[in-house]
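Listed below, chain by chain, are the residues.
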Amino acid sequence: MEMGFISLFVFFLLSSFSTSSAEISGKVGINYGQLGNNLPSPSRSVELIKSLKAKRVKIYDSNPEILTALKNTNLQVSIMVPNEIITNISSNQSLADQWVHTNVVPFYPETLIRYIMVGNEVTSSTDNKTWFNIVPAMRRIKYALKTHKITKIKVGTTSAMDVLSSSFPPSNGTFRSDISESVMKPLLQFLNRTKSFFFLDVYPYFPWSSDPININLDYALFESKNLTVTDPNTGLVYHNLFDQMVDAIIFAMKRLGYPDIRIWIAETGWPNGGDLDQIGANIHNAAIYNRNVVKKITAKPPVGTPARPGSILPSFIFALYNENQKTGPGTERHFGLLHPNGKKVYQIDLSGETPESEFKALPPATNNSPFKGKIWCVVAKGANKTDLGSALSYACSQGNKTCNPVRPGGRCFYPNSLIRHASFAFSSYWAQFRKTGGSCYFNGLATQTSMDPSYGSCKFPSVTL
């Protein structure tokens, strides 16, 4: 009887451990960005997050309204120390204590804050002074948590794939020489000592879209049935680009003497829309990619990656909403699972429990091949006229004779319309500067079009793809 009880007790412990491990592997979270002027309230957003069956949420600050809305929801939460204050916190324990006292203590533990990111992709910025302050700031935040007797929060920082100078084959993964010893090694030491995670942003969309001829789309979408890539140094076989990218980081960490630090996917996703010159950004591909990510992360038992088979790989999908105030190319404003009105861009269940057969058919992908033809950059619908005047002035101040045709006496001066003049200026600017990084954005005032806006003798400059 006693032996039976002990055996039963051991079985219960093992079962609990197994369930706990599987539970971690099955928890897919969502990144809740706030760069939009038309987004639902925090309380409504929390309801929408729960409707997606997310188990965790990451925000890019410590918004008190959001943290209040997340109280008693059972959603695990990641908050962030802004990049701008890292340097100050790195040298001032009082500031770190104050930050924790203001942004953690009032909400914890009712709000399940479990992770604090000290900065977001800091090493991707050109401000290299901040790079060297990341780890000192992390140490101070960790100490501040300890001072407040908070022990269940992991401290980390997020990194993009550009921390690597070499990523192919994965076994050649190597951190950039400008950060390897001075930034990454101290970071890995900290993560190892505190049993935290290497928080990684992984976007197969970007390497695929920059080289769609040599990288197979199905391989990037987890849809490849027969195509594999074998690492010649290790013999490891890869069936998708995601695993390849993650393992490159694992090998880079191993190269610095830290082979066992756990990976956490801080961001991954696929754009559901974009500009005319952005290949493969569509609802079909976004749904396929994100559903397959969920399938991979929630697999039981965990599948891991070729370099770490069976390992747990917790993840946050990017992002909750399409955010209309994000800057840059159109894809930046089209990563959401939801429209700002709360409607799903496509059906998805972050718990992985809904069979794909229950999802409605997706619209066909129409831009998986590069756009061919001419594109113009014109004023977007609803553009603010006051802002438009400033943008027009800026565009005209750049380049060589950018706006001569819309000046008095020029062939495009009439009709004397702010919108026509600005559209010409935007097209002229973009035609000159696209190859050197210029974008058709102008703080949301501009959009791309394949319809020629030229009229009469007024010919608008264009970009030819």
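Residues numbered from 1 in each chain as written. Predicted model: local features only at pLDDT ≥ 70, side-chain atom pairs only at ≥ 80, totals over all residues. Heavy atoms only, no water.

**Here we look at the nonpolar core**
- Judged by nonpolar contacts, the single largest core of 98 residues is most densely connected at Val104, Ile141, Phe175, Phe198, Ile249 and Leu350.
- With 10 residues, the single largest contributor to this core is helix H11 (residues 241-255).
- Those residues in contact with Val104 that lie beyond four places of it in its chain are Ile79, Trp99, Ile113, Ile116, Leu145, Ile150 and Ile153.
- Judged by nonpolar contacts, the second largest core, of 26 residues, contains Cys377, Leu392, Val406 and Phe460. (Core = buried A, V, L, I, M, F, W, Y, C linked by side-chain atoms within 4.5 Å. Buried < 20%, exposed > 50% of the residue type's maximum accessible area, 1.4 Å probe, protein only. Helix = DSSP H or I, 4+ residues; strand = E, 2+ residues; numbered from the N terminus. Contact = heavy atoms within 4.5 Å.)

**Examining the environment of Glu358**
- Mapped onto the elements, Glu358 comes out in the loop between strand S14 (315-318) and strand S15 (374-379).
- By relative accessible area, which is 56% here, Glu358 ends up exposed.
- Glu358 sits 11 residues away from Gln347 along the chain, and the two C-alpha atoms are 9.3 Å apart.

**So, the packing of helix H13 (residues 385-397) against helix H14 (residues 418-433)**
- Closest axis-to-axis distance for the H13/H14 pair is 9 Å, and the angle between their directions is 40°. Taken together, the axis directions place H13 and H14 in an arrangement best described as oblique. Between H13 and H14 lies a crossing of left-handed hand. Contacts between H13 and H14 involve Lys385, Leu388, Gly389, Ala391, Leu392, Tyr394, Ala395 and Cys396 on the former and, on the latter, Leu418, Ile419, His421, Ala422, Ala425, Phe426 and Tyr429.
- In terms of residue class, the contact of H13 with H14 is built from 12 nonpolar, 2 polar and 1 charged. (Axes fitted to C-alpha atoms, helices over the stretch in contact; angles between N-to-C directions. Parallel < 35°, antiparallel > 145°, perpendicular 65-115°, else oblique. Left-handed = near helix turned anticlockwise from the far one by under 90°. Nonpolar A, V, L, I, M, F, W, Y, C, P; charged D, E, K, R; others polar.)

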